[in-house]
Every structure is written in C-alpha cells, then in structure tokens.
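Observations on the model geometry
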Amino acid sequence: KNQVEQSPQSLIILEGKNCTLQCNYTVSPFSNLRWYKQDTGRGPVSLTIMTFSENTKSNGRYTATLDADTKQSSLHITASQLSDSASYICVVSAPDDMRFGAGTRLTVKP
Amino acid sequence: DGGITQSPKYLFRKEGQNVTLSCEQNLNHDAMYWYRQDPGQGLRLIYYSQIVNDFQKGDIAEGYSVSREKKESFPLTVTSAQKNPTAFYLCATSTGAMITEAFFGQGTRLTVV
C-alpha cells in the first residue's frame, strides 16, 4: 500500500533556530518527492521537487534531502522566521499515483 | 494560487442540500484534481480529470460529482449523499499525469450547518 508518513506531527521552535522535518514513504515505483508549504486556510505551495537521482535540493533557507534506498526524505529549515509557521506536506508520486503525508505543523515563536 | 481560482472561500450548507464548488484555471493545464483535507490527515483525492469531457473517481468519490465541459473549469458538487461534507476542499492542476508538479488553489472551506 502506497503511504507517506511524516514526523513529527507538530513542532514548536524559537525564531532563529533550525529544525528538520521527516518523511518516510512506501510509494513504489517512485517518480518524485515534493515538499509543500501550506499556510492556514490556504492552498499548498511547492518548495522543492526531487527525482530519484537527486539527494539534496535547496530553496533559500529550505533544504530537502532524499535517500531513495531507505525511502526517507527530510526538510531542513535554517534560521527560522515567524513566517515559516505553517504546515509542511510531503508528497510522493508514482507514475499514476500521488500520495500526501498528513503534514507537520510548525510554529515559530518569537 | 498562480492562476487557479476557487470560489467561494467559505461556504455554508444546510443538511440535505447539494452545493457546488467552483474551480477555474488559466494555466492551460490539462489535468485537474479535487482533494479533501481534514485535520490530521493527508489530502485525499476525490476526482480527477486529465482531459476535457473525461474524469475518474479518486479514493473518496462517494457523495461527490464533477464535470469537465471546459478545459478551464472543473466544478465539484457535494451532494446530500455525502455524510460528512464539512472539510477544506482544494482544487489542483498539473500539466499532465500525476507525476508532474501540482499547483493548488486557495481552497474552499465547506461547513454543514
């Protein structure tokens, strides 16, 4: 069964600190993995997209890693800002399927 | 966002009534999707369409209906048969198959009163 599991479910950090969000998946065959940021009450916005051959990709203060062998990905946020408070969703695609994780709710406090 | 418009943003429905959620896109994308989002769960696929006048059921299609008469539009009707319709509904588009990147609208919050 194609599944995507994210951890932690929620996370609270202080402004300026770093954090890492985890995504484990069983989706097969694997096509790509994406991280989305979703502000409360709004649609998700893409942060990164990674294919099988890529093991790291950065987008500003966001860095995603992918280990296709262990089927794990992480999203590292550096020097967090208040505006980083949002849900972060991991999405894993097979050629004819796309599975969403439940998301990690990140709260950045001043 | 970015050329995908969902309306209304908030919608209230009485039990037993049908209601239609609008999704319009000007991205010229072939594929359109409807997802339902509930607290603590990942997005679940309701219906998707990869071409005009054709659509397929997703994982939770019961109680919902769609149409795809135009490339730009993919309305979702929540019928009275849907027993627990209160949720956040997201429309998405992509250039082709599910492996391509999906772009999302801003969502519609449906509440049954």
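Residues numbered from 1 in each chain as written. Chains lettered and ligands numbered in written order. Predicted model: local features only at pLDDT ≥ 70, side-chain atom pairs only at ≥ 80, totals over all residues. Heavy atoms only, no water.

**Some thoughts on the overall build of chain B**
Quick note on the threshold: Each helix is a run of DSSP H or I of at least 4 residues and each strand a run of E of at least 2, with the numbering of both proceeding from the N terminus. Throughout, radius of gyration means the C-alpha value; the globule benchmark is 2.2 Å times the number of residues raised to the power 0.38. Working definition: with a 1.4 Å probe on protein chains only, accessible area under 20% of the residue-type maximum means buried, over 50% means exposed, and in between means partly exposed. We call two residues contacting when some pair of their heavy atoms lies within 4.5 Å. Here the open area of atoms and residues is found with the Shrake-Rupley method and a 1.4 Å probe, where only the protein chains shown may cover a residue. His is not counted, nor are the chain ends; Lys and Arg add positive charge and Asp and Glu add negative charge. By convention, charge coordinates are those of NZ in Lys, CZ in Arg, CG in Asp, or CD in Glu.
Looking only at helices and strands, chain B has zero helices and eleven strands in total. Start at the N end of chain B and walk to the C end: the helices and strands fall as β-β-β-β-β-β-β-β-β-β-β. Rg of the C-alpha trace for chain B: 13 Å, near the compact-globule value of 13 Å for 113 residues, within the 12% margin. For chain B, the spread of C-alpha atoms along the principal axes amounts to about 35 × 25 × 25 Å. Buried residues in chain B amount to 48% of all 113 residues. Within chain B, contacts between residues at least 6 apart in sequence are counted, and of these 53% link residues at least 24 apart. Summed over its atoms, the accessible surface of chain B is roughly 5,300 Å², and 49% of this surface lies on carbon and sulfur atoms. In chain B, 11 positive and 11 negative side-chain charges are present, and the distance between their average locations comes to 7 Å.

**With respect to the state of the cysteines**
Residues and elements named next belong to chain A. To keep things clear, this is the line we draw: Cysteine sulfur atoms are paired as a disulfide whenever they come within 2.5 Å of each other.
Counted according to the given criterion, the structure contains two disulfides over all chains. What pairs with Cys 23 in a disulfide is Cys 90, and their sulfur atoms sit 2.0 Å apart. Every disulfide takes its handedness from the sign of the S-S torsion; for Cys 23 and Cys 90 that torsion is -70°, giving left-handed. One end of the pair, Cys 23, is in strand β3 (residues 19–25); the other, Cys 90, is in strand β9 (residues 86–94), with 67 residues separating them in the sequence. Take Cys 90: its relative accessible area is 0%, and that puts it in the buried class.

**Observations concerning the interface of chain A and chain B**
A common way to report how large an interface is uses the accessible area buried once the components associate. The condition that has to hold: Reported buried area values correspond to the accessible surface (1.4 Å probe) lost by two parts on association, with both partners' losses combined. Each reported salt bridge corresponds to a side-chain nitrogen of Lys or Arg within 4 Å of a carboxyl oxygen of Asp or Glu. Amino acids outside the nonpolar list (Ala, Val, Leu, Ile, Met, Phe, Trp, Tyr, Cys, Pro) and the charged list (Asp, Glu, Lys, Arg) are all regarded as polar, and Gly is one of them.
Every contact between the two is made by 21 residues of chain A and, on the other side, 20 residues of chain B. Between chain A and chain B, a total of about 1,600 Å² is buried, with carbon and sulfur atoms accounting for 52% of that surface. Seen at the junction of chain A and chain B, the total is one salt bridge. In this structure, Asp 59 of chain B engages Arg 99 of chain A in a salt bridge whose closest nitrogen and oxygen atoms are separated by 3.1 Å. Listed by contribution, the elements that provide at least two residues to the side of chain A that touches chain B are β4 (32–38), β9 and β10 (97–100) of chain A. The residue inventory of the side of chain A that touches chain B, partitioned by class, reads eight nonpolar, eight polar and five charged.

**Observations concerning a nonpolar patch on the surface**
Residue and element names in this part refer to chain B. To keep things clear, this is the line we draw: Here the term patch refers to residues with relative accessible area over 30% and no salt bridge, with like charges joined within 9 Å and nonpolar side chains (Val, Leu, Ile, Met, Phe, Trp, Tyr) within 5 Å.
A surface patch of nonpolar side chains, about 380 Å² in accessible area, is lined by Tyr 10, Phe 12 and Val 113. Tracing the sequence through the fold places Phe 12 in strand β2 (residues 10–13). Given the relative accessible area of 57%, Phe 12 is considered exposed.

**Focus on the pairing of strand β11 (residues 104–109) of chain A**
Residues and elements named next belong to chain A. Let me state the cut-off plainly: At least two DSSP bridges between two strands are required for those strands to pair.
By the alternation rule, side chains of β11 split into Thr 104, Leu 106 and Val 108, which are all buried, and Arg 105, Thr 107 and Lys 109, of which none is buried. Here β9 pairs with β11 via three bridges, running antiparallel. Opposite Ser 87, over in β11, you have Arg 105 as the bridge partner.

**Observations concerning the nonpolar core**
Heads up, the condition is: Take the buried residues of types Ala, Val, Leu, Ile, Met, Phe, Trp, Tyr and Cys, join any two whose side-chain atoms come within 4.5 Å, and each joined set is a nonpolar core.
Counting residues in each nonpolar core, the largest one holds 25 residues, and the members touching the most others are Tyr 25, Leu 33, Trp 35, Leu 75, Tyr 88 and Val 92 of chain A. Counting only elements with at least two residues in this core, the list comes to β3, β4, β5 (45–51), β7 (62–67), β8 (72–77), β9 and β11 of chain A. With five residues, β9 of chain A is the single largest residue contributor to this core. Of all hydrophobic cores here, the second largest spans 19 residues; its members include Met 32, Tyr 47, Tyr 64 and Val 78 of chain B.

Scope: geometric values only; no functional claims are made or implied.
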